[in-house]
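Here is what each chain is made of, one letter per residue.
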Amino acid sequence: MIYELRTYRLKTGTVPHYLRLVEDEGITIQRPHLGTLVGYFATEIGPLNEIVHLWAFDDLADRERRRAALATDARWQEFLPKIQALIETMDSKILKAAPFSPPR
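How each quantity is defined
Residues numbered from 1 in each chain as written. Predicted model: local features only at pLDDT ≥ 70, side-chain atom pairs only at ≥ 80, totals over all residues. Heavy atoms only, no water. Helix = DSSP H or I, 4+ residues; strand = E, 2+ residues; numbered from the N terminus. Rg over C-alpha atoms; globule rule 2.2 N^0.38 Å. Buried < 20%, exposed > 50% of the residue type's maximum accessible area, 1.4 Å probe, protein only. Contact = heavy atoms within 4.5 Å. Core = buried A, V, L, I, M, F, W, Y, C linked by side-chain atoms within 4.5 Å. Expected span 1.5 Å × (residues − 1). Polar contact = N/O pair within 3.5 Å; in protein donor to acceptor, adjacent residues only side chain to side chain. Axes fitted to C-alpha atoms, helices over the stretch in contact; angles between N-to-C directions. Parallel < 35°, antiparallel > 145°, perpendicular 65-115°, else oblique. Left-handed = near helix turned anticlockwise from the far one by under 90°. Nonpolar A, V, L, I, M, F, W, Y, C, P; charged D, E, K, R; others polar. Bend = angle between axes of the 7 residues up to and from the residue.

Draft legend 1. Structural detail: the overall build of the protein. Within the protein, the secondary structure is distributed over three helices and four strands. For the protein, the C-alpha radius of gyration of 14 Å lies close to 13 Å, the compact-globule estimate for 104 residues. When the backbone C-alpha atoms are referred to their principal axes, the protein occupies close to 40 × 35 × 20 Å. In the protein, buried positions account for 35% of the 104 residues. Pairs at least 24 residues apart make up 76% of the contacts formed inside the protein by residues separated by at least 6 positions.

Draft legend 2. Examining unusual backbone geometry more closely. Even without glycine at this site, N49 takes up a positive phi of about 65°. With respect to the element layout, N49 can be found in the loop between β2 (36-42) and β3 (50-57).

Draft legend 3. Representation of the nonpolar core in the model. L10, Y18, F79 and I83 are the most contacted members of the largest nonpolar core, which has 20 residues in total. If you list the elements that add at least two residues to this core, you get β1 (2-10), α1 (15-34), β3 and α3 (74-84). If one sorts the elements of this core by residue count, α1 sits on top with seven residues. Residue contacts for F79: discarding those within four places in its chain leaves L21, V22, E25, G26 and I29.

Draft legend 4. Representation of helix α2 (residues 60-72) within the structure. Relative to the 18 Å expected for 13 residues at 1.5 Å per residue, α2 spans 18 Å between its end C-alpha atoms, a close match to the ideal helical length. The N-terminus of α2 is capped by D59, whose side-chain oxygen sits 3.2 Å from the backbone nitrogen of A61.

Draft legend 5. Here's a closer look at the packing of α1 against α3. Where α1 meets α3, the closest approach of the two axes is 10 Å, and the angle between their N-to-C directions is 150°. Considered as vectors, α1 and α3 are oriented roughly antiparallel to each other. Seen along the crossing, α1 lies across α3 with a hand that is left-handed. On the side of α1, the interface is formed by Y18, L21, V22, E25, G26, I29, Q30 and H33, while α3 contributes R75, W76, F79, K82 and I83. The residue inventory of the contact of α1 with α3, partitioned by class, reads seven nonpolar, three polar and three charged.

Draft legend 6. Local environment of α1. Between the first and last C-alpha of α1 there are merely 22 Å, a value that for 20 residues lags more than 12% behind the 28 Å anticipated at 1.5 Å per step. Along α1, the helix axis deviates most sharply at G26, where the bend reaches about 60°. Of the residues making up α1, those classed as buried are V15, Y18, L21, V22, G26, I27, I29, Q30, H33 and L34. Its buried side turned inward, α1 meets β1, β2, β3, α2, α3 and β4 (87-96). Just beyond α1, the residue with positive phi is G35, at close to 85°.

Such coordinate-based values are descriptive only and should not be taken to indicate function.
Right, here's the structure in full:
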C-alpha cells in the first residue's frame, strides 16, 4: 500500500470557502474514484492556509488508474475550477509505510 499526501496552500482567508466547496460537492465526486480517504485537514499552527489530504492506494498503478478516472469525470471537470481559483500552490508526495506502521 502507498499513500498520497497532497498539500495545497490557499489564498489567505479562503480555507472555509474551500472546505465548504469540497464538503458540499467535491468529496462526493472524488471518493468513488479515489477510494480510501485516510484524512482531510486544515492547518491551525505552522504554515497557515494549508489543506492537507491523505489517500491510500494499492500501488502506483492503482493511483494512476483512479486519478485518470477522476480526471475524465465531467462532474469533476466542472467542479475543479471552483477550487483551483483558491489554490496558490500544490504539492503531492507518495509515501510508503514503514514495516512497523499500523496497517490501514
